[in-house]
Amino acid sequence: MPHATAARLRPFGTTIFAEMTALAARTGAINLGQGFPDEDGPVEIRRAAADALLAGPNQYAPARGLPVLCEAIAAHAARFHGTTLDPETQVQVTVGATEGIAASLLGLLDPGDEVILVEPYYDSYAAIVAMAGATRRTVGVRPPHFALDPDEVEAAVVASGGRARVLLLNSPHNPTGTVLGRETLEALARICREHDLVAVCDDVYEHLVYDGEHVPLHTLEGMAERTLTVSSVGKTFALTGWKVGWVTGPPDLVAAAATAKQFLTFSGHGPLQQAVALALGLSDGTYAATRDTLRAKRDRLCAGLESAGLTTFVPAAGYFAVVDVASIGEADGHAFCLALPERAGVVGVPVSVFCDDPELARTLVRFAFPKREAVIDEAASRLAGLAR
Ligand SMILES: *Cc1c(COP(=O)(O)O)cnc(C)c1O
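Residues numbered from 1 in each chain as written. Predicted model: local features only at pLDDT ≥ 70, side-chain atom pairs only at ≥ 80, totals over all residues. Heavy atoms only, no water.

Enquirer: Which residues make up the pattern of salt bridges, and what are the values?
Expert: Evaluation of the coordinates by the stated rule reveals 21 salt bridges. Two residues, R190 and E194, come together in a salt bridge whose shortest N-O distance is 2.8 Å. Taken together, the positions of R190 and E194, both in helix α7 (residues 182-194) and four residues apart, correspond to about one turn of that helix. With its nearest N and O atoms 2.7 Å apart, the salt bridge here joins D211 to R298. With a gap of 87 residues between them, D211 in the loop between β6 (198-202) and β7 (227-232) and R298 in helix α11 (residues 284-307) connect regions that are remote in the sequence. What makes D211 partly exposed here is its relative accessible area of 39%. Connected through shared salt-bridge partners, E114, R137 and R163 make up one network. (Salt bridge = Lys/Arg side-chain N within 4 Å of Asp/Glu carboxyl O. Helix = DSSP H or I, 4+ residues; strand = E, 2+ residues; numbered from the N terminus. Buried < 20%, exposed > 50% of the residue type's maximum accessible area, 1.4 Å probe, protein only.)

What follows is the structure, given as structure tokens:
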């Protein structure tokens with residue numbers, strides 16, 4: 001039998017989320033594996049989508065995105081980051097941040113180029129780098145602080161022998177919830193400038209920072225002209241099924257992403273784009289309320305995990321808490337997660353699946369907390385029976 005899947009994609013198989021979500025469905029376990037909220041985002045956004053479905057636009061949106069959304073994305077960047085963007089040349093609407101990342105990498109990379117990734121990394125990154133015919137070189141972050149060491153990033157760039165072209169960053173970080181501080185960002189910005197790298201920043205958790213602040217890399221000196229920033233509505237407003245995202249940056253880099261994007265999907269989700277334009281313009285209070293609700297859920301789950309005897313690394317941001325199952329005598333997070341639905345009726349994801357280095361996160365497990373309080377409490381009480 002010939003291989004059905006191309007060699008460059010064979011290592012990737014089915015995503016861990018599909019596997020774990022199927023396991024949750026089969027066993028009736030509480031699914032804290034995949035990062036999706038169990039309550040939908042603000043009703044006014046959903047009502048705007050319903051209105052747009054009835055009134056239109058229901059035909060192809062322009063490839064760059066509905067003008068009203070491109071303008072809303074530019075206004076959002078000005079309001080939250082003080083960034084001035086031309087909505088016609090510096091914004092590309094995408095089918096979620098996932099397509100934004102794909103279009104950016106496919107638009108920028110040639111075969112033989114290298115991408116510097118921070119591991120653990122979001123699972124689509126490695127696959128898209130492979131689809132682009134490029135290769136990845138990783139820099140690890142470790143508990144308890146999961147701090148990124150710029151010296152290690154620079155060493156990786158140097159080791160690439162001039163082939164590194166893109167530094168792909170994700171702050172706030174999935175799965176650890178780490179937010180890169182200004183000092184680290186300044187050092188990374190210097191590395192990008194000195195080694196002529198393009199930074200691709202996955203900022204999907206930009207509005208979900210519970211401790212500290214999100215500083216976009218493109219706001220640092222000399223970075224506006226060499227950074228593509230990717231974000232999306234899904235995480236911010238608990239609408240992960242909508243898949244409306246965007247890429248912003250200097251016109252030449254956005255044009256590179258746009259070139260790839262037009263042949264991936266051309267455009268997507270016209271009526272939802274209309275509603276996302278409204279969402280981005282909602283009040284500061286709406287953004288803060290979403291964030292504060294999630295902060296309370298974070299605190300609730302982390303308290304439960306800790307009282308279950310799990311060493312918990314309280315995240316500063318995002319959707320996930322990472323624990324170390326070594327604290328309850330477990331030696332392998334993957335085996336632990338495969339057994340957990342039967343054993344305790346809960347689904348988590350082993351952090352090792354997001355790593356190239358199998359030792360980096362051997363005993364780390366990720367749990368999602370954007371869930372109703374009763375669900376978080378039930379999961380915590382089920383996990384409480386685990387400690388020996
Ligand atoms: C969820 C997530 C994405 C995907 O965003 P979509 O808008 O749903 O495509 C991308 N990056 C990270 C780090 C994520 O957690």
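Enquirer: Talk me through the site of the ligand; I want residue IDs and the actual numbers.
Expert: G96, A97, T98, Y122, N170, N174, D202, V204, Y205, S232, K235 and K243 make up every residue found near the ligand. Between the ligand and T98, the relevant distance is 2.6 Å, taken from an oxygen atom to a side-chain nitrogen or oxygen of the residue. If you tally residues by element for the shell around the ligand, the top one is helix α4 (residues 96-108), at three residues. Residues that form the shell around the ligand fall into these classes: four nonpolar, five polar and three charged. (Near = heavy atom within 4 Å. Polar contact = N/O pair within 3.5 Å; in protein donor to acceptor, adjacent residues only side chain to side chain. Nonpolar A, V, L, I, M, F, W, Y, C, P; charged D, E, K, R; others polar.)

Enquirer: Could you give an account of the packing of α11 against helix α13 (residues 373-383), with specific residues and numbers?
Expert: Running from amino to carboxyl end, α11 crosses α13 at an angle of 15 degrees, the nearest separation of the two axes being 9 Å. Between α11 and α13, the angle is such that the two are roughly parallel. In this structure, the crossing between α11 and α13 has a hand that is right-handed. Where α11 approaches α13, its residues K297, R300, L301, G304 and L305 are matched on the opposing element by E373, I376, D377, A380 and L383. Taken together, the residues of the contact of α11 with α13 sort by class into five nonpolar, one polar and four charged. (Axes fitted to C-alpha atoms, helices over the stretch in contact; angles between N-to-C directions. Parallel < 35°, antiparallel > 145°, perpendicular 65-115°, else oblique. Left-handed = near helix turned anticlockwise from the far one by under 90°. Contact = heavy atoms within 4.5 Å.)

Enquirer: Can you tell me about α13, naming the residues and giving the values?
Expert: Of all the residues in α13, the buried ones are V375, I376, A379, A380 and L383. Buried residues along α13 cover an arc of 135 degrees about the axis, so they all sit on one side. For α13, the elements touching its buried residues are β1 (30-31), α11, α12 (333-344), β11 (346-347) and β13 (364-368). (Arc of directions from axis to C-beta.)

Enquirer: Could you give an account of α7, naming the residues involved and the relevant values?
Expert: Across its 13 residues, α7 extends 18 Å between first and last C-alpha, which sits within 8% of the 18 Å expected from 1.5 Å per residue. The complete set of buried residues in α7 reads L185, L188, A189, I191 and C192. All buried residues of α7 lie within an arc of 160 degrees about the axis, which places them on one face of the element. Structural note: α7 exposes E183 and E194 on the side pointing more than 90 degrees away from its buried face. Looking one or two residues beyond α7, the residue adopting positive phi is D196, at roughly 55 degrees. (Expected span 1.5 Å × (residues − 1).)

Enquirer: Before we move on, can you summarise the nonpolar core with the specific residues and values?
Expert: Counting residues in hydrophobic clusters, the biggest one holds 101 residues, and the most contacted among them are L105, L148, V153, L169, L217 and F367. Among the elements that take part in this core, α4 stands out by supplying six residues, more than any other. Ignoring anything within four residues of it in the chain, the contact list for L169 reads V118, L148, L180, L188, V200, C201, D202 and L217. Core analysis: the next-biggest nonpolar cluster, separate from the first, contains 28 residues, V233, F237, W246 and L280 among them. (Core = buried A, V, L, I, M, F, W, Y, C linked by side-chain atoms within 4.5 Å.)

Enquirer: Describe the pairing of strand β2 (residues 91-94), and please don't skip the residues or the numbers.
Expert: Here β2 shows no split at all, with V91 and V93 on one side and Q92 and T94 on the other all buried. When β2 meets strand β8 (residues 245-248), the two strands line up antiparallel, connected through four bridges. Bridging from a neighbouring strand, Q92 pairs with V247 of β8. (Pairing = 2+ DSSP bridges.)

Enquirer: How would you sum up unusual backbone geometry? Please name residues and give values.
Expert: With an omega of 5 degrees, the peptide bond between P143 and P144 qualifies as cis. Turning to its location among the elements, P144 is positioned in the loop between β4 (135-140) and α6 (150-159). Here the amide bond leading from S171 into P172 is cis, since omega sits at -5 degrees, within 30 degrees of zero. Relative to the helices and strands, P172 resides in the loop between β5 (164-169) and α7. Although it is not a glycine, D196 sits at a positive phi angle of roughly 55 degrees. Considering the arrangement of structural elements, one finds D196 in the loop between α7 and β6. Phi is positive for H269, which is not a glycine, with a value near 60 degrees. Its place among the elements puts H269 in the loop between α9 (251-264) and α10 (270-280).

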